[in-house]
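# Analysis of the macromolecular model
Each chain, letter by letter, is given below.
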Amino acid sequence: MIRKAAMVIALEHIEFDDRIIAANGFISRDLFSISDTKPAFYMIGSMGLASSIGLGIALKDTGRKVFVFDGDGNILMNLGSLTTIGSLKPKNLIHVIFDNSVHESTGSQPTNTNFVSIEKIAKTCNYNHTFTTKTKNDFEKILRKIKKLNGPIMIVVKIQKSNNKKSPRINYEPLEIKERFMLS
Amino acid sequence: MKEDIQRKLFDHLLKNKISNFVGVPDSTMKYFIDQGLKKKKVLITTREEEAIGIAVGMILSQSNSLVFMQNAGFANSISTITSLVQLYQIPMIFLIGWRGFLENDAPEHTKIGKIQPKLLQALSLQSMVLDEKSWKKSCDWALKLIRDGKSCALIIPRQFVD
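Fair warning: this is a prediction, and the values are worked out from it, not measured in the lab.

A separate point is the nonpolar core. I21, F41, F69 and I155 of chain A together with I52, M92 and F94 of chain B are the most contacted members of the largest nonpolar core, which has 82 residues in total. Here the element with the most residues in this core is helix 3 (residues 48-60) of chain B; it accounts for eight residues. Among residues more than four places away in sequence, those in contact with I52 of chain B are V67, M69, S77, T80, I81, L84, V85, M92 and F94 of chain B. In this structure, I5, L13, F32 and L66 of chain B belong to the second largest nonpolar core, which totals 25 residues.

Structure, rendered in structure tokens:
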């Protein structure tokens, strides 16, 4: 499964009223190229902060589910955020890590998830439910299951590299991204 | 800054609809933070960039937020300020403790304390230094800026050595 295929599955289980925060790099670009009908907060810079922005939204917009689309390189830059999330325990936060064990956006240099499990770290940080999946069927089952569960939830989706099929850059100005998101 | 002024500073910002105070502690403003902890409005994070990320999320959900930090943390935050707060034009107040303000402060603060005004200027981040007489006026200046959709910084100089 490549990231785009995993995202298509995830989007089938995300309601229109839910929130999506997409980490910078190919994560935002892939999401944007699949579907932009529901305005997501597409990050352009500030690598590592998707989980923190998602936490801020989850704490204030408690009536809506907040999906963070994160990457392995991204979350490794902000592991401290897992302790903050696990301490505050927002019920509406679903943290999806698309884990290809490389920094794909910068030329596929390896990350430490080749050796260390992010799921185990999240579990130790008091996430209520954690999962790791490698297959489409299993990912779908998890997405159905979590509808009845309280967050914080982490789903690590092990994906393959996308083999140079680059999604285009987001053609909204940052200010437009913010305003569309805030109005949605 | 004296204890009673720090507590008043917190109360004034809270009264003016700053709902969240997110950051990494600094002893320069320990009474300010203590006042917020008592009122359950403070969230302590692991790093300053994390604090900015959380505050951005809160602001995107229409809840006004301030981020506090020491100037060492301000140095950590530069890329987050340029590529998140300024890029997306997020109205946010930074409250920054100015270590290295006194020449005899601890040595690790000397360099950053010296270049701090230049860093703020290079970032085009508007700022005012708080003092015990005009702190309220400076706060109101910052509150007006965020109402106009801009970010800015309030600076608390470290006027003692421990």
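Okay, the interface of chain A and chain B next. The partner chain B presents 23 residues to the 27 residues of chain A that form the contact. When the two sides are added together, the surface that chain A and chain B hide from each other amounts to roughly 2,000 Å², 69% of it contributed by carbon and sulfur. The interface formed by chain A and chain B contains zero salt bridges. Among the elements of the structure, strand 2 (41-42), helix 3 (50-60), helix 5 (80-88) and helix 8 (174-183) of chain A are those that each provide at least two residues to the side of chain A that touches chain B. If you tally residues by element for the side of chain A that touches chain B, the top one is helix 3 of chain A, at seven residues.

Residue and element names in this part refer to chain A. Relative to the helices and strands, G86 resides in helix 5. Residue classification places G86 among the buried residues on the basis of a relative accessible area of 4%. Put simply, G86 and K158 are 72 residues apart on the chain and 22 Å apart in space, counted from C-alpha to C-alpha. Contacts of G86, omitting those with residues within four sequence positions, involve C125 and N126.

This brings us to the packing of aromatic side chains. Residue and element names in this part refer to chain A. Per the counting criterion, the structure on display carries nine aromatic pairs over all chains. With centroids separated by 5.8 Å and ring planes inclined at 80°, the aromatic side chains of F32 and Y172 adopt a geometry described as edge-to-face. Placement of the pair is F32 in helix 2 (residues 26-34) and Y172 in the loop between strand 8 (153-158) and helix 8, with a sequence separation of 140 residues. On the basis of relative accessibility, which here comes to 14%, the residue F32 falls in the buried class. Take Y172: its relative accessible area is 21%, and that puts it in the partly exposed class.

Enumeration according to the criterion identifies 15 salt bridges over all chains in this entry. With its nearest N and O atoms 2.8 Å apart, the salt bridge here joins D30 of chain A to R3 of chain A. Here D30 of chain A, found in helix 2, pairs with R3 of chain A, found in helix 1 (residues 3-12); they are 27 residues apart in sequence, far enough to count as distant. An identical accessibility class is assigned to D30 of chain A and R3 of chain A; each is buried. Where K144 of chain B meets D148 of chain B, a salt bridge forms, and the shortest distance between an N and an O atom there is 2.9 Å. Overall, K144 of chain B belongs to the partly exposed group, its relative accessible area being 47%. Residues joined in a network through salt bridges with shared partners are D17, R19, D61 and R64 of chain A.

Now for the sheet that holds strand 4 (residues 93-99) of chain A. All names here are of chain A. What the six strands build is an open sheet, ordered 2-1-3-4-8-7; its pairing is parallel. Two strands in the sheet have a free side with no partner beyond their single neighbour: strand 2 and strand 7 (129-133). Sheet topology note: the strand 1 (residues 19-22)/strand 2 ladder contains two bridges and is parallel. Note that in strand 2 the partner of A22 across the bridge is Y42.

Calculation criteria
Residues numbered from 1 in each chain as written. Chains lettered and ligands numbered in written order. Predicted model: local features only at pLDDT ≥ 70, side-chain atom pairs only at ≥ 80, totals over all residues. Heavy atoms only, no water. Core = buried A, V, L, I, M, F, W, Y, C linked by side-chain atoms within 4.5 Å. Buried < 20%, exposed > 50% of the residue type's maximum accessible area, 1.4 Å probe, protein only. Helix = DSSP H or I, 4+ residues; strand = E, 2+ residues; numbered from the N terminus. Contact = heavy atoms within 4.5 Å. Buried area = accessible area lost by both parts, 1.4 Å probe. Salt bridge = Lys/Arg side-chain N within 4 Å of Asp/Glu carboxyl O. Phe/Tyr/Trp six-rings, centres within 6.5 Å; stacked < 30°, edge-to-face > 60°. Pairing = 2+ DSSP bridges.

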